[in-house]
Amino acid sequence: QDMGASEGCKPILASAALTLLAFAAIISALFIRADWDALNAQLDVISGSRQLENLKANGPFIVACLLLSAMYLGFSSDVKRVYPNISRIAFFGFALTGIVFPNTIEAGSNYQQIIVRARSNHHHGYTSSRTFAERSYSGLSLRLRGGTADVLHEHRFELRNNAWFKTESRREEGGVRAIFSVEGDEIKTLTLHWGVAVNSDDEWITPGKAGCPSIIPAHSALYKDRAVRTPLKMVDGKLQAEIWIPDDLKPKPLIGIRFVLFEPDRDNWYPGGAGGNFFLPVKKSEGKKHPHLQRSPSFTGAIDVDKMRADASPQYSKDARPTGTVAWNQDLSHLLWNAAQREKAWVDGKQESKSMRLQRSPSFESAVKIIEERKAQEELHLREADEFYKSEGGRLYRIPFSYQNNMGRQEGVVKAKVKQSKVDISVIPERGDKGPGPLILHWGVAEREPGEWVLPNQETVSALESGEAHGKAVESKFKSAPGTVEQSINFELRGTLPPSISFVLKDTSNGAWYKAENHDFCVPITEEGRVKLQDKGKSKSGVIQTPLVRTLSGTEISPPTGASIAREIFDFEKQGHVTLMHRYHMACSLIDRAPPGEAGRDILYFVFIWLRFSQIRQLSWQRNYNTKPRELSHASEQLNKLISWRWKNSGPVEREIFRLMLGCIGRGGSGGDGQAIRDEILHIMHRHRLPESKGTFVEEWHQKLHNNSTPDDIIICQAYLAFLHSNGNLAEFWRVIHENGLNRDRLKGYERAIVTEPQFFPDKKDGLINDFNNYLRILKNVHAGADLEKCVEVCRGFLEGHINVLLESILRERGANEARIPAVIDSITEVRQLIGVKMTKEGDIMKLRDLLYLDLGLEAQLRLMAERSLGSLDSAELNTGARALTLWVGLALENLVYSSSPAKGTLDPTAQDSQANELKACLRDWVQLEEEVHKGMTQGWPTKAMAVVERMRRAMGDYVDGIQNNMQKRAEYLGYGLCAVTPEKIPEKWSITLFSEELVRGGGCSFVLSSFLRKLDKVLRKLGGGTMWQVISTGKPGTVGQLIEVHDLMSVQSESYSKPTILLANSLSGEEEVPPGVVGVITPDAPDVLAHISVRARNLKVLFASCFDPDEFDNIGKLVGKTVSCQINGNRVTVTETSEVAGDGDMQKLGDSIKNLKLELPPPAKFTSFCLPETSIDVKASPKTFGAKSTNIVAVRKLLPDWIETPRSAVVPFGVFEKVLSCPENREIAKAYTTIVEKELKDTKDPHGVLRRLKDLTHSLSAPNDLVTQLKSSLEKSGIIMAGELEGKQWDEAFAALKGVWASKWNERAFWSCKKSNIPVHQVQMAVLIQRLVEAEYAFVIHTVNPANGDTSEMYAEVVIGLGETLVGNFPGRALGFSMKKDGSGDPIVHSLPSKSIGLFGGGLIFRSDSNGEDLPGFAGAGLYDSIPMVKNSKKTLMYFNEKLTTDRGFADKIMRGICKVAVDVEKAMGGVPQDIEGCYRDGKFYVVQTRPQV
């Protein structure tokens, strides 16, 4: 009106204004309020960006429809009446909008849910960390010039705050120019990591491979033949790079450029959408008005997003068989390279993996700190109790308990001091917590039995400051001192003292009652009460003692450590009313009581074994009690949340136990799924009008579900779906039932039995399938924690886009053929690595739980797919099979590392000999081999690979032994105990005796790795990486004996066989003796050629051989109990059954061969001096007062050339130990020592305990003053120490090392060696050679005559990294073994590469044994007695990938030739007598630390 408009125009103007307002409202509601950036990200993740592309493709049409809708809504009634045709068009647009827009999003999608989820996730920070890629699609951030003729594509997006990246492809004369530039000052350096697409827009190859290297800018570099890296240069004040693409490009024009960005200053990668790559087209888009920068799948080869977006591939059929053979194609080679780079980055602790930025994770330092604090507190408590007893004669008891306040569940301690009749009780809350509310002590006395409740006598009650009788108890109030959170109460018991008191605590703030774990507090008052309490089965802290358990045959089982917890489980399981819900509640209580660290492992092992028996249906899931599904669901959730919380706050060992526990229980939930189990089955029956009468399958199942839903219902539902899919085939129903461990009897055995078979309704088939598929998801939500689909669904909302894309790819390709399986496994591996980082950092316990379940689900999927690939590798060509197996072993090992140590790839210095460190070291060494074989098989590769394979197999053996040692004995104790008390008499025997074996076989990555290692071992040996046999001692020709199998050789050290015996020893350490009567030993282990057992076998002419072929070793095992003949053919042993019998004459010859050794000790030497400096060691003196080590080292120093160094020495002679023992200060020790040696040691059949006591007595000796003075003086005179050293603590350490060498006279191995060689062990005298330890880089042992073939012209040596104790002490693994002609006429021949797991490093003094029994002619006494460093050596887990001894052939050759020259010169110096030499290398110098005649 103000504009002077006519009356007729006013309605039109008003309608136009309303039209604009309505249009703005619609746009705002659909896009702006939904947060287009977040919506864009969610659409891309959820649907692979298909919806987004449809939306953009139909954008103009949708805008037109929206505008017409706005016009229709905005028109006034006057306009509609005056202009009816326009109104009809507008209405048509309004109606069309409701059809077009939802269809654009895709039929079936709930757009409002997508909008809400996108907005919610964006606001809560759950969108991908790479949201700059998603933000780049915001229409507000684009400056497109689609209508400009010279610009084909242009895009601008934000890298980070105030830093923008712009791309442009521009048509110019003769070609297209691609321009990449940075706007803003935030980024100083940026590199374009790129390739080109020729045939399809998802391709990534280098320009060189595309035949157009000319387009690469001059300042670029090729990256691993996979990409080009072009740094952006400063041009006109901004970073810029250009790529010129001519029109006449040969052989084929380009489609576009694919790239990601790398910022060197921040070591940061900027990938494209969902963690993939950017794609810049260099051709004009067809039919697109607004061209845009396209995103693409990752170029890693592990993801195929286009494949993911396609329909799911067919599921794998159990009946299917591998087709074709494995070919070593470019994809497998690419995967191998990528896996190696990821693994290397992980173990090296770097942050880049597959062009992605990985976050480094914290170590377990916080967990270690907690454990250390707990240990320190325990030591403090013990000291406090001791001081209270010594000073006041009282007893102090500390009893843990749990309490509740507004901060949740907390841990506290009740401290009770008892001094005669006075009792002082204090309640101490968890540190940093305010504690429970005001407490009342509800207490009584126990006059006869602990735990009894009797009202205290009137005299006691009357004397209480505050006390009120309540039945059989008194209630007294605690007091709190100002400024403290502790509450305390004290009182005095009058009259006759009761043996003990019983009490509980009442919290007046919330009415809660607190007990000691699951029973009342019980504190002894008198010594009688202490004894009764222990007899009753409770210790001073309230822990129940161990019950007696027998096997089914009546054999008593000795209780393992921590077995007291089993009694509580027995008491629980024998109740009349037990369900899964009750069991989960009880498990929560037991886990709550387990302290952190090693102290709580016993409880955790028993709880896991218990839950495992339950999981495999070896315990009742329902006994005389109905559980509502929502109650079971809630109990499951409470337990898995507690396990997840404990996992978060535990060390590596405990984490593995908690992870195993989590796999035994369902996900549960306190939401609607538990109740939906009951409700939905009823709704399905109503919807489809299924009969609700007795005698129908669905009704019987419905009654069972209402009564007590269990994990069995998942199987029943799957079986019913198979029945429906097969059009009512009952055979299919029972097939699924039986394949999953159920049967008719179990269905009939439910409290609400299922006895009727399902009925088929053809007209209802499709509807029932749809509804029961949904019902199966509800059942899995509650009962199946690690179901992969459910895990992905739950975690999708808070995982980054790249991880979600990988997960979608994994789900869709679970049924992939053999050719695609490695790529899927690679994706699983990368996801597990990424979520491992998240797990250790995740603070939300529910999310952590979901991630743990996802990790378990991925591991299970990996195993299923790996097992499918095993068979296909058998038919592969040898080299191809080796390369494929190398990839598989790397992936399996990498996954095993993620299971044992998620988020921490580097070796943990706080646990240097841990299982996780060993696996990481193997993985890092394997990376080097993966990178080498990626390029092609080289001549020495199989040998290097075999060394790492042997180490991996050893690690797997340790893993299995760990499970056996920690689980099996406890499983037998718990299993047989449960079988005795449960009404069902379960678990069954098979589940008890095979518990550990089934656990290993049912495991994930460990079993996969073992399976592939077994195959690779054979392939490597065929390729020359090693032989199937290693003959260490040939024994006598045609060795014949009875074949007996033993678990390990150490277990039969005390045995003596009456007839010739060949032992099949599954394991050995190398330190054992050959038992009398044994003529041969065959083992799958690989001891060092110079190990003690190896030397003894050669010395006694006993066959000793290693069989590395598992199948052949198993075949030999089939001959156990029979007489066999062993024939050596080349470097292998043929074992066959024979009728030949080794008679008494053979045993006589065997005994004579030992007697003919003439092993006689020299007469005992008398005491001469406490210590001799080197200048006083007379090598020609007679009788000798020291051993051959001292004699030889002094003699050889004078004869060796200057280039060979020898450390200075002093010696504690023979007779010094006996002199110290006879000193007055050691009189009592001497008396006990003599009694044991002269009486007990002679009579005992099991010397283990007797020898231990002799060693303990030796360690308890005191040093006379003359010994202290003379030893220090001799060391100073020898130049070993400076004046003033070895004072205080240093002297204590030195004397402890000296006593340790003396005590090693009673080593068990030395005892048996002497006994079997007729050497009187008590007559052995021990001198001690003292030297300064050379801090060696490498240590070696030399035999100057090759012991394998007796060739006097050839030496043999073994070399290890660090100190020589790992070699002479037979540490697991092999040394670098080589032989060489002494005259240097040939090159060193390497027989084995090093695979020792541990290296020892350190310096200081070393005390070496030098007995009169070590160097007897014909007796291999080396290594029987100990050499002990004064300061404990540090251990280090070794990795060989960067070790010069294995990677630098020139350096290794120099070391081996130097060692050979040492052998020649030492043997010459010792008069040509073959020598057994120990030495080392450091800083370019060779040292000889001892030498003796070679046996």
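Before reading on, note that the structure itself is shown above.
What this report covers is the structure whose coordinates are included nearby. (Residues numbered from 1 in each chain as written. Predicted model: local features only at pLDDT ≥ 70, side-chain atom pairs only at ≥ 80, totals over all residues. Heavy atoms only, no water.)

Membership of the largest hydrophobic core comes to 129 residues, with the highest contact counts inside it found for Trp 610, Met 661 and Leu 854. Those residues in contact with Leu 854 that lie beyond four places of it in its chain are Leu 788, Cys 791, Val 792, Cys 795, Leu 799, Leu 807 and Ile 835. Among the nonpolar cores identified, the runner-up in size contains 50 residues, and Ala 1210, Val 1216, Val 1250 and Ile 1319 belong to it. (Core = buried A, V, L, I, M, F, W, Y, C linked by side-chain atoms within 4.5 Å. Buried < 20%, exposed > 50% of the residue type's maximum accessible area, 1.4 Å probe, protein only. Contact = heavy atoms within 4.5 Å.)

Glancing now at the sheet that holds strand 30 (residues 1039-1046). Sheet strands pair via backbone hydrogen bonds, and the direction of the pair is either parallel or antiparallel. Spatially, seven strands are ordered 29-33-32-31-30-34-35 in an open sheet, and the strand pairing comes out mixed. Of all strands in the sheet, those bounded by a partner on one side alone are strand 29 (1029-1033) and strand 35 (1132-1137). The mean inter-strand angle of the sheet, taken between neighbouring strand axes irrespective of direction, is 30 degrees. Strand direction decides the pairing type here: strand 34 (residues 1123-1129) and strand 35, joined by six bridges, are antiparallel. (Pairing = 2+ DSSP bridges. Helix = DSSP H or I, 4+ residues; strand = E, 2+ residues; numbered from the N terminus. Axes fitted to C-alpha atoms, helices over the stretch in contact; angles between N-to-C directions.)

Right, let's get into the packing of aromatic side chains. Between two aromatic rings, the relevant description is the distance of the centres plus the angle of the planes. Inspection of the entire model under this criterion finds 35 aromatic pairs. Clustering of aromatic rings is evident, with ring pairs tying together Phe 697, Trp 701, Tyr 720, Phe 723, Phe 733, Trp 734, Phe 760, Phe 772 and Tyr 775. The ring of Phe 1451 is capped by Lys 1444, whose NZ or CZ atom sits 4.2 Å from the centre of that ring. (Phe/Tyr/Trp six-rings, centres within 6.5 Å; stacked < 30°, edge-to-face > 60°. Lys NZ or Arg CZ within 6 Å of the ring centre and 35° of its normal.)

Further remarks concern the packing of helix 14 (residues 564-573) against helix 16 (residues 601-615). The interhelical angle for the contact between helix 14 and helix 16, taken along N-to-C directions, is 30 degrees, at an axis separation of 10 Å. Looking at the two axes, helix 14 sits roughly parallel to helix 16. Seen along the crossing, helix 14 lies across helix 16 with a hand that is right-handed. Here Ile 565, Ala 566, Ile 569, Phe 572 and Glu 573 of helix 14 come into contact with helix 16, specifically with Ile 603, Phe 606 and Trp 610. Residues that form the contact of helix 14 with helix 16 fall into these classes: seven nonpolar, no polar and one charged. (Parallel < 35°, antiparallel > 145°, perpendicular 65-115°, else oblique. Left-handed = near helix turned anticlockwise from the far one by under 90°. Nonpolar A, V, L, I, M, F, W, Y, C, P; charged D, E, K, R; others polar.)

Looking now at the packing of helix 21 (residues 712-725) against helix 24 (residues 765-783). Running from amino to carboxyl end, helix 21 crosses helix 24 at an angle of 160 degrees, the nearest separation of the two axes being 9 Å. When the axis of helix 21 is compared with that of helix 24, the two are roughly antiparallel. For the crossing formed where helix 21 meets helix 24, the hand is left-handed. Counting all contacts with helix 21, which are made through Asp 713, Ile 714, Cys 717, Gln 718, Tyr 720, Leu 721, Leu 724 and His 725, the residues of helix 24 involved are Lys 765, Leu 768, Ile 769, Phe 772, Asn 773, Tyr 775, Leu 776, Leu 779, Lys 780 and His 783. In terms of residue class, the contact of helix 21 with helix 24 is built from eleven nonpolar, four polar and three charged.

Within the secondary structure layout, Thr 886 lies in helix 29 (residues 878-900). Exposure remark for Thr 886: the relative accessible area of 0% places this residue in the buried category.

Strand order in the open sheet formed by five strands is 36-38-39-45-46, and the pairing between neighbours is antiparallel. Both outer strands of the open sheet, strand 36 (1172-1173) and strand 46 (1427-1429), are each paired with one neighbouring strand and no more. Of the pairings in the sheet, the one linking strand 45 (residues 1405-1411) to strand 46 comprises three bridges and is antiparallel in character. Within strand 46, the position partnered with Phe 1407 by the bridge is Ile 1428.

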